[in-house]
Amino acid sequence: MSAEERKAIRADKPFAFSEETERKFQQLLTRYPKDQKKSLNLPCLWLAQRQEGWVSAEAMEYIAERLEIPVTDVYEVATFYTMYHLHPIGKYHIQLCRTLSCELRGKEEILKHISKKLGIKPGQTTADGRFTLSQVECLAACGGGPMMQLNDDYHENLTPERVDQILDQLP
Amino acid sequence: MTAAVELKEVKVLSAKYHLKDSFTLEVARQHGGYSQIDKAFGMEPGDIVEEVKNSGLRGRGGAGFPAGMKWSFLPKDNDKPVYLAVNSDESEPGTFKDRQIIEKDPHMLIEGIIITCYAIKAHDAYIYIRGEYVAQARMLQNAIDEAYEAGLLGENACGKGYRVDVTVHSGAGAYVCGEEMALLESIEGKKGQPRVKPPFPALVGLYDAPTIINNVQTIASVPYIIEHGAEGYRKFGTEKSAGTFLFGISGHVEKPGVYEVEMGVSMQEFIDKLAGGVWKGRKLKAVIPGGSSCPVLNAEDVAKCTLDYESLMENGSMLGSGGMIVSDDQTCMVRNLKNLLYFYQHESCGQCTPCREGLGWMYKVVADIEDGKGKMEDLDLLLSIADNVEGKTVCVLSGAAAMPCRSHILKFREEFEEHIKLGKCPFPK
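Quick caveat, the model's predicted, so the values are computed rather than measured. (Residues numbered from 1 in each chain as written. Chains lettered and ligands numbered in written order. Predicted model: local features only at pLDDT ≥ 70, side-chain atom pairs only at ≥ 80, totals over all residues. Heavy atoms only, no water.)

Structural notes on empty space enclosed by the protein
Point 1. In total, this model carries 2 cavities of 30 Å³ or more according to the counting rule given.
Point 2. Taken as a whole, the largest cavity encloses approximately 90 Å³ of empty space.
Point 3. In terms of lining, the largest cavity is formed by 13 residues, of which the most central are Cys349, Cys352, Cys355, Cys395 and Leu397 of chain B.
Point 4. When the residues that make up the lining of the largest cavity are grouped by side-chain class, the tally is 8 nonpolar, 5 polar and no charged.
Point 5. Taken as a whole, the second largest cavity holds about 30 Å³ of empty space.
Point 6. In this structure, the second largest cavity is lined by Leu100 of chain A together with Ala286, Ile288, Val296, Ile325, Ser327, Met333, Asn336 and His408 of chain B.
Point 7. Elements with a minimum of two residues in the lining of the second largest cavity: strand E7 (284-288), strand E9 (323-328) and helix H14 (333-347) of chain B. (1 Å grid on protein atoms, 1.4 Å probe; cavity = no way out; pocket = protein on both sides within 12 Å on 5 of 7 lines; lining within 4 Å. Points joined across faces, edges and corners; volume = space filled by probe spheres on them. Nonpolar A, V, L, I, M, F, W, Y, C, P; charged D, E, K, R; others polar. Helix = DSSP H or I, 4+ residues; strand = E, 2+ residues; numbered from the N terminus.)

Comments concerning the side chain of Glu415 of chain B
Point 1. Its location among the elements puts Glu415 of chain B in helix H18 (residues 413-422).
Point 2. The exposure class of Glu415 of chain B is buried, given its relative accessible area of 7%. (Buried < 20%, exposed > 50% of the residue type's maximum accessible area, 1.4 Å probe, protein only.)

Comments concerning the sheet that holds strand E2 (residues 122-129) of chain B
Residues and elements named next belong to chain B.
Point 1. Spatially, the 4 strands line up as an open sheet ordered E3-E2-E1-E4, and their pairing is parallel. Lying at the two open borders of the sheet, with one neighbouring strand each, are strand E3 (165-170) and strand E4 (211-215). Neighbour to neighbour, the strand axes of the sheet diverge by 20° on average, direction disregarded.
Point 2. Running at roughly 100° to E2, helix H8 (residues 180-187) makes contact with strand E1 (82-88), E2, E3 and E4 of the sheet. (Pairing = 2+ DSSP bridges. Axes fitted to C-alpha atoms, helices over the stretch in contact; angles between N-to-C directions. Contact = heavy atoms within 4.5 Å.)

Notes on the packing of aromatic side chains
Point 1. Applying the stated criterion to the full structure yields 25 aromatic pairs over all chains.
Point 2. With 5.4 Å between their ring centres and 55° between their planes, Phe17 of chain A and Phe25 of chain A make a pair best called tilted.
Point 3. Relative to Phe236 of chain B, the ring of Tyr224 of chain B has its centre 6.1 Å away and its plane inclined at 55°; by these criteria the two rings are tilted. Taken together, the positions of Tyr224 of chain B in helix H10 (residues 222-234) and Phe236 of chain B in the loop between H10 and strand E5 (244-251) put the pair 12 residues apart, joining distant regions of the chain. Per residue, the accessibility class of Tyr224 of chain B equals that of Phe236 of chain B, and both read buried.
Point 4. Among the aromatic residues, ring-to-ring pairing joins Phe15, Phe17, Phe25 and Tyr62 of chain A into one connected group. (Phe/Tyr/Trp six-rings, centres within 6.5 Å; stacked < 30°, edge-to-face > 60°.)

Structural notes on the pattern of salt bridges
Point 1. Overall, the coordinates contain 44 salt bridges over all chains when judged by the stated rule.
Point 2. We note a salt bridge from Asp168 of chain A to Lys117 of chain A, for which the minimum N-O separation is 2.9 Å. Of this pair, Asp168 of chain A sits in helix H8 (residues 160-168) while Lys117 of chain A sits in helix H7 (residues 107-118), and the two are 51 residues apart along the sequence.
Point 3. Taking the relative accessible area as the measure of exposure, Lys117 of chain A reaches 32% and is therefore partly exposed.
Point 4. Among the salt bridges present, the one from Arg356 of chain B reaches Glu357 of chain B, with a minimum N-O distance of 3.0 Å.
Point 5. What you see here is one network of salt bridges that share partners, running through Glu185, Glu188, Lys190 and Arg195 of chain B. (Salt bridge = Lys/Arg side-chain N within 4 Å of Asp/Glu carboxyl O.)

Notes on the domain arrangement of chain B
Residues and elements named next belong to chain B.
Point 1. Examined at the domain level, chain B breaks down into domain 1 (25-235), domain 2 (239-328) and domain 3 (333-422).
Point 2. For domain 1 versus domain 3, the separation of C-alpha centres amounts to 35 Å.
Point 3. With 12 residues of domain 1 at the interface, the matching set in domain 3 holds 10 residues.
Point 4. On the domain 1 side of the interface with domain 3, the three residues burying the most area are Tyr175, Gln193 and Pro194, jointly 54% of the side's total.
Point 5. Scanning the region where domain 1 abuts domain 3 turns up 0 salt bridges.
Point 6. Partitioning the side of domain 1 that touches domain 3 into residue classes produces 6 nonpolar, 3 polar and 3 charged. (Domains from an automatic or database assignment. Buried area = accessible area lost by both parts, 1.4 Å probe.)

So this is what it looks like as C-alpha cells:
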C-alpha cells in the first residue's frame, strides 16, 4: 500500500480498544500460544471493525503495537481479505451472492430490483448512509439462492417482494 | 458399472436434525451426544486411528483423502505439540453442507474433535470458519461454551484427565483459505497464501508443529465410527467409498437442499427423487457434481454416475465436496463458465504468476465469447491456458479453474461455437 493510499484510510482520530473490546482481546490472548501473538491479527481486525464499523490506518497501527508486530503485517492482512472495510460503509450492508447457484435462480433480477429501489450500484452507498450494496462471491447458501447477507444475517430464497419486506422493515 | 446402492435418506450425521433445539447440549445429550467419549478413552489412541483407517472414512472437504491414513502420518517421535485444525471454510461454490452440522448438531462436531484430539495426541483444536458465517460462528461458540461449562472441554475434558481446548478462528473472505496450507497461514495471522508441499502439515503445520487438518463433516463422522466400529460404518456405501455423505444440491431443481444418503446411490435418482427433479418440468442439461471446480457432466454422463469417488472419477469428474449444481436445458453453458471463471480469478491469492495472470485471462476470453466478440481460435487458446496454469502453481486453485474451463468446452463445444458464429449469445438473458 502506497503512502497516498495509507493516507486515504486515516480516520484522523486516535484509536483504542473500548473496555468491552479490551475484555474480548484479553480472552483471545489465552487461546493462542504465548509466543504466537501474531495469530490475533485477524481476530483483532475483526474486533476493531466491530467497534468502529471499519478499520482505519490508526486502528491498524494500534493493533500492530498491541501484537508487537510490524504495522505492514497488519496492513497486508487487512488489504488481502475482502471483509475488512477500509472506509466507513452504510448502516446496512447488503451483500448479494453473484456465484453460479444464485445466478441460475435469478440473482440478476434481485440485483436490478435492489439497485433500482435504493438508487445505487454495487460498490456504492446511499446518500443518507443507510445502505451499501455489494456483490460478493459464494456465501455457501447455494440451496437457498438467490440470497443475500444483510449485515450478519443470511436471507435466502429471495424474490423482489421478499427483498421489499426485509428492507422496508429495517429501523 | 456396478449396481447402484438403494436410494433412501439415512441418518448418521443428520440423526438429530429434526429435533427441536437440536443444537443445544441438553437435546444433544438426550439423544446420544457425547455417549462415545467413555468408549473412545477406553481405547488406545493408536487403536482409534486404526479403527478410523479401517472404516474407510475419506475426507469430506473435497480431496477425499483417507482420514485415518492422514492421522497415521504424524511423526512417532515428536517433542512439539500436535494441533488439530478443523476446516469449516466451506467456500467452494455449490457447497453448503458443513453449515448444517454447525447449525443443527454442533455437539456432534465437538464430540468428534475431543475423540480426534485424543487419537492424534493433540490438546488444541482450531476451527477455521469462513468470515461470512457470523451467525454460525456464534452458534458454534455457544456450543463450545456449553461444553466448557459442562466440563466436556478444558483441562480435564470429560473427566478423563486429558486437556482439550477448542478455539473458533474466523476468516475474513478469502476462498483460498479453504486450502489447508493457506488456512494455517491465516490462523498464524498472515495473508492466506498457500505454502509449498512437502513438507506436509502432518510433519510441519501450524506454528511449524505437526498438524492434522480435517473437514467438519469428516470429524463429525468420528463418533459414529467409535460407536459402531469400522464394520458398522462400512455397512453404508460401497467398498471404496464407505459411509454416508451430506450431499448438497442447488440450481435448477425443485427441492434444493442437503440430503444425507449412502455413497453409491444413482445421481439421476438423487436428482429426480430427493431433489424433486429439474424445475419447471424442464430437461436436464448439465450437473457440476461436487463443487464448482469439478468437471461438468452432461445429461448422458449423469445417467451413468453413482455418487461415489470411483464412479465420478470413471466418468471424468470428481465427487469433491458433494455439492451438485444442476442446470436445465435452457441454460447457457458459456454464461455458466463465465460466472465460475470470474469467481476463480477473483479468488486467486496472487502468489503464483500462472494463476494470477492466467485465470483473469481465461475469464476475459470467455466473457468476450459470451458477449459475441469471440473468435474460433479462442477455444484452443482457452484449452492451452488451462493446461498451462494447472499444476504449475503452489496450490490447486489454478487447477480448480482449469477443470471447469476445459470440461465446459469439451462437453458443450457447439454452444461456444454458436456464440462465435452468431456474434451473440443465443440464449435469453
